[in-house]
Amino acid sequence: QVQLVESGGGLVQSGGSLRLSCAASGRIFSMSTMGWYRQAPGKQRELVATISSGGSTNAADSVKGRFTISRNNAKNTVYLPMNSLKPVDTDVYLCNATPRFCPHEYWGQGTQVFVSS
């Protein structure tokens, strides 16, 4: 069973920075696209950024230039440094793993980010 554990959330003032981490168990990590999503009450879950097993990335327009996803395959960990945080970024951030050629996907429990004005 794959487990994803997020960390790094917290309270920060507008304009500040946080770095989220997602540690994955199992050997599935290296063959998975990893992603960060966020969801706030009353809002749809939205993609923040993804990174493929080969290192190709994409990010939502709303975070481009502020958030940068990366991964360390040796540590089975994906990161999301977040800069220039805004109150609208307040959300629960969820880590996702989507293995290739597999119908399953995996989610962490989430880490809360709160950006005060």
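First, a word on scope: everything that follows refers to the structure included in this document. (Residues numbered from 1 in each chain as written. Predicted model: local features only at pLDDT ≥ 70, side-chain atom pairs only at ≥ 80, totals over all residues. Heavy atoms only, no water.)

1. Points about the state of the cysteines
Here the structure, examined in full by the defined rule, presents one disulfide. Residue Cys22 pairs covalently with Cys95 via a disulfide, S to S 2.0 Å. Across the S-S bond linking Cys22 and Cys95, the dihedral sits near -85 degrees, which makes this disulfide left-handed. Here Cys22, found in strand β3 (residues 18-24), pairs with Cys95, found in strand β9 (residues 91-99); they are 73 residues apart in sequence, far enough to count as distant. We note that Cys22, like Cys95, is buried. With no disulfide of its own, Cys102 has Cys95 as its nearest cysteine by sulfur position, at a separation of 16 Å. (Disulfide = S-S within 2.5 Å. Helix = DSSP H or I, 4+ residues; strand = E, 2+ residues; numbered from the N terminus. Buried < 20%, exposed > 50% of the residue type's maximum accessible area, 1.4 Å probe, protein only.)

2. A word on the packing of aromatic side chains
Following the criterion strictly, the structure yields one aromatic pair and no others. Ring geometry for Tyr37 and Trp107: centres 5.1 Å apart, planes at 65 degrees, overall edge-to-face. Note that Tyr37 is positioned in strand β4 (residues 32-39) and Trp107 in strand β10 (residues 106-107), a separation of 70 residues in sequence. Seen from the ring of Trp107, Arg45 lies directly overhead, with NZ or CZ sitting 4.4 Å from the centre. Over the ring of Phe29 we find Arg71, and its NZ or CZ is 4.4 Å from the ring centre. (Phe/Tyr/Trp six-rings, centres within 6.5 Å; stacked < 30°, edge-to-face > 60°. Lys NZ or Arg CZ within 6 Å of the ring centre and 35° of its normal.)

3. What about the nonpolar core?
The biggest cluster of nonpolar side chains holds 27 residues, and the ones touching the most others in it are Leu4, Met34, Trp36, Leu80, Met82 and Tyr93. Put simply, the parts of the chain that give this core at least two residues each are β3, β4, β5 (46-51), β8 (77-82), β9 and β11 (111-116). Element by element, the count of residues in this core is highest for β3, at four residues. (Core = buried A, V, L, I, M, F, W, Y, C linked by side-chain atoms within 4.5 Å.)

4. Focus: the pairing of β5
Pairing geometry for β4 and β5, over five bridges, is antiparallel. Counted as the bridge partner of Trp36 is Ala49 from β5. Hairpin geometry of β4 and β5 is characterised by an intervening segment of six residues between the two adjacent antiparallel strands and by a positive phi of about 80 degrees at Gly42. In this sheet, strand β6 (residues 57-59) lies alongside β5 in antiparallel orientation, the contact comprising three bridges. Bridge pairing in β6 places Ala49 opposite Ala59. Taking the residues between adjacent antiparallel strands as the criterion, β5 and β6 are bridged by five residues, where Gly55 takes a positive phi near 100 degrees. (Pairing = 2+ DSSP bridges.)

5. Considerations on the pattern of salt bridges
On inspection of all chains with the given rule, the structure shows four salt bridges. With its nearest N and O atoms 2.8 Å apart, the salt bridge here joins Arg38 to Glu46. With relative accessibility at 4%, the residue Arg38 sits in the buried group. For the salt bridge of Arg38 with Asp89, the shortest nitrogen-to-oxygen distance reads 2.9 Å. A residue pair is termed long-range when its members are at least 10 positions apart, and Arg38 in strand β4 and Asp89 in the loop between β8 and β9 qualify at 51 residues. Summarising the burial analysis for this pair, Arg38 and Asp89 share the class buried. Salt bridges sharing partners connect three or more residues here, namely Arg38, Glu46, Arg66 and Asp89. (Salt bridge = Lys/Arg side-chain N within 4 Å of Asp/Glu carboxyl O.)

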